[in-house]
Amino acid sequence: MLSLQPVAAGPDFDISAVACRSDHTGWSPPEVHGGHRVVLVRRGRFRRRTDGTGADLDPSLGYLGVPGEEESFAHPAGGDDCTAISVTPTLWHATAGETRAGAFYVDPPLDLAHRRVLLAARSGDVDFAVTEQLLALLANAVTRTATGPAPCTDSRPAAAKDRALVAAAREAIAADHPASGTLLGLAELLGASPYRLSRAFPRELGVTVTHYRHRVRLARALDRLEAGETSLGTLAADLGYADQAHLTRTARHHLGHTPTALRRLLAAPPSG
């Protein structure tokens, strides 16, 4: 029996938790998958066969799948739990360039990247936090099977390109440009790959693009709270947070206080 539980989804990706409870040791009928995907095993093990080659998959070995592959599966161990990540061709090629399919070793950094994607999904911030962690995971995974980097047509030195890219991103975020509402939209606006944008921020500013965007939004939240904003639900919605709880978690994480506590801290002392 196969069950699928959505974890997070954006316009260019879909992350699902897949559980298989089966004891069939033989190969399933061949099936053709139509998309680009990364599959990482969280628990258990199973076998996958494609192009006549089989691989035993467990938490130490995942696989990269590309459109048109014919694959079969066997579950001799009785079941497994996996994370299945499907991405659009546009995001795949922007992140991976040309790749070949196949199994790859999941070392501790990639295991950590996998866990961070699932943790980010719990925050509800799909547009930035989940996307950024997902890009890091994809880049980590595809370098194990990539035949070459994603193409780059800009001939300026890398440091100068990153500096200009980050400056343009900061301007778009500060101006609240409609495209800056998601990391993928921001990258498209700037004509850069999402992975390059995600990597440029730590090199230039020492923080991730997610962290920087939170910094800008929290500054606006502090302005509103200082001005006497009373509705935290309205504040969260206006600033683009999923809900009041999302705003509260973010404020506590970055500032050490809830919005209610910050409002008290920023309240003008009584006169007299």
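As a reminder, the structure under discussion sits directly above these lines.
Worth saying up front: this structure is predicted, and the values here are computed from it rather than measured.

A. Summary view of the overall build of the protein chain. Of the regular secondary structure elements, the protein chain holds 10 helices and 10 strands. Taking the principal axes of the C-alpha coordinates as reference, the protein chain spans close to 85 × 45 × 30 Å. The buried share of the protein chain, reckoned over its 272 residues, is 42%. As presented, the protein chain carries roughly 13,700 Å² of accessible surface, and 54% of it is formed by carbon and sulfur atoms. In the protein chain, 29 side chains carry a positive charge and 29 a negative one; their mean positions are 6 Å apart.

B. Representation of helix α1 (residues 89-96). All buried positions along α1 are accounted for by Leu91, Trp92, Thr95 and Ala96. Along the axis of α1, the buried positions cluster into a sector of 100°, meaning they face one direction only. Where α1 ends, the next residue or the one after it, glycine 97, has phi of about 65°, a positive value.

C. Region of interest: the packing of aromatic side chains. Counted under the stated rule, the structure contains two aromatic pairs. With centroids separated by 5.6 Å and ring planes inclined at 50°, the aromatic side chains of phenylalanine 201 and tyrosine 212 adopt a geometry described as tilted. Within this pair, whereas phenylalanine 201 is found in helix α6 (residues 194-205), its partner tyrosine 212 is found in helix α7 (residues 209-226), the two being separated by 11 residues in sequence. The residues phenylalanine 201 and tyrosine 212 share a single accessibility class, namely buried. When the ring centre of tyrosine 241 is taken as origin, the NZ or CZ atom of arginine 217, which lies over that ring, is 3.7 Å away.

D. Fine view of the layout of surface pockets. By volume, the largest pocket is sized at about 590 Å³. Surrounding the largest pocket, 19 residues form its lining, Ala120, Ser123, Ala129, His214 and His253 being those nearest its centre. It is helix α9 (residues 244-255) that contributes the most residues to the lining of the largest pocket, six residues altogether. Looking at side-chain class alone, the lining of the largest pocket contains three nonpolar, 10 polar and six charged residues.

E. Fine view of the side chain of histidine 114. With respect to the helices and strands, the residue histidine 114 is situated in helix α2 (residues 108-123). If we skip the residues at most four places from it in the chain, histidine 114 touches Leu40, Arg42, Thr83 and Leu137.

F. Structural view of the pairing of strand β1 (residues 2-10). The pairing of β1 with strand β2 (residues 13-21) spans eight bridges and is classified as antiparallel. The residue bridging alanine 9 from the neighbouring strand is aspartate 14, located in β2.

G. Local environment of the side chain of serine 198. Position of serine 198 relative to the elements: it lies in helix α6. Ignoring anything within four residues of it in the chain, the contact list for serine 198 reads Glu132 and Leu135.

H. Focus on α7. Taking 1.5 Å per residue as the helical rise, α7 with its 18 residues ought to reach 26 Å, and the 26 Å between its terminal C-alpha atoms agrees with that figure. Every buried residue of α7 is accounted for by Val209, Thr210, Tyr212, Arg213, His214, Val216, Arg217, Leu218, Ala221 and Leu225. Backbone geometry just downstream of α7 places glycine 228 in the positive-phi region, at approximately 100°.

I. Layout of the nonpolar core. Ranked by size, the top nonpolar core spans 44 residues in total, and within it Phe13, Ile15, Val38, Phe104, Val130 and Leu137 carry the most contacts. Counting residues per element, this core draws most heavily on helix α3 (residues 126-142), at 10 residues. Apart from residues lying up to four places away in sequence, valine 38 is in contact with Tyr63, Leu64, Thr83, Ala84, Ile85, Trp92, Phe104, Leu137, Leu138 and Ala141. By size, the runner-up hydrophobic cluster in this structure holds 11 residues, among which are Leu225, Leu232, Tyr241 and Leu262.

J. Just the state of the cysteines, in detail. Tallying each qualifying case throughout the model produces zero disulfides. Distance from the sulfur of cysteine 20, which forms no disulfide, to the nearest cysteine sulfur (cysteine 82) is 8.3 Å. Judged by relative accessible area, cysteine 20 falls into the buried class, the value being 6%. A relative accessible area of 5% places cysteine 82 in the buried class.

K. Examining the pattern of salt bridges more closely. Per the counting criterion, the structure on display carries 14 salt bridges. In this structure, the salt-bridge partner of arginine 48 is glutamate 69, at a minimum N-O distance of 3.0 Å. A residue pair is termed long-range when its members are at least 10 positions apart, and arginine 48 in strand β5 (residues 46-50) and glutamate 69 in the loop between β7 (61-65) and β8 (70-74) qualify at 21 residues. Of the two residues, arginine 48 and glutamate 69, neither departs from the other in class, the shared state being buried. Several salt bridges converge on common partners, so that one network encompasses Arg37, Arg48, Glu69 and Glu71.

L. Seen up close, unusual backbone geometry. Positive phi is not limited to glycine here, since aspartate 176 has a value of about 55°. Residue classification places aspartate 176 among the exposed positions, given a relative accessible area of 52%.

Calculation rules
Residues numbered from 1 in each chain as written. Predicted model: local features only at pLDDT ≥ 70, side-chain atom pairs only at ≥ 80, totals over all residues. Heavy atoms only, no water. Helix = DSSP H or I, 4+ residues; strand = E, 2+ residues; numbered from the N terminus. Buried < 20%, exposed > 50% of the residue type's maximum accessible area, 1.4 Å probe, protein only. Areas by Shrake-Rupley, 256 points an atom, 1.4 Å probe, with all protein chains shown as cover. Lys, Arg positive; Asp, Glu negative; His and termini not counted. Charge placed at Lys NZ, Arg CZ, Asp CG, Glu CD. Arc of directions from axis to C-beta. Phe/Tyr/Trp six-rings, centres within 6.5 Å; stacked < 30°, edge-to-face > 60°. Lys NZ or Arg CZ within 6 Å of the ring centre and 35° of its normal. 1 Å grid on protein atoms, 1.4 Å probe; cavity = no way out; pocket = protein on both sides within 12 Å on 5 of 7 lines; lining within 4 Å. Points joined across faces, edges and corners; volume = space filled by probe spheres on them. Nonpolar A, V, L, I, M, F, W, Y, C, P; charged D, E, K, R; others polar. Contact = heavy atoms within 4.5 Å. Pairing = 2+ DSSP bridges. Expected span 1.5 Å × (residues − 1). Core = buried A, V, L, I, M, F, W, Y, C linked by side-chain atoms within 4.5 Å. Disulfide = S-S within 2.5 Å. Salt bridge = Lys/Arg side-chain N within 4 Å of Asp/Glu carboxyl O.

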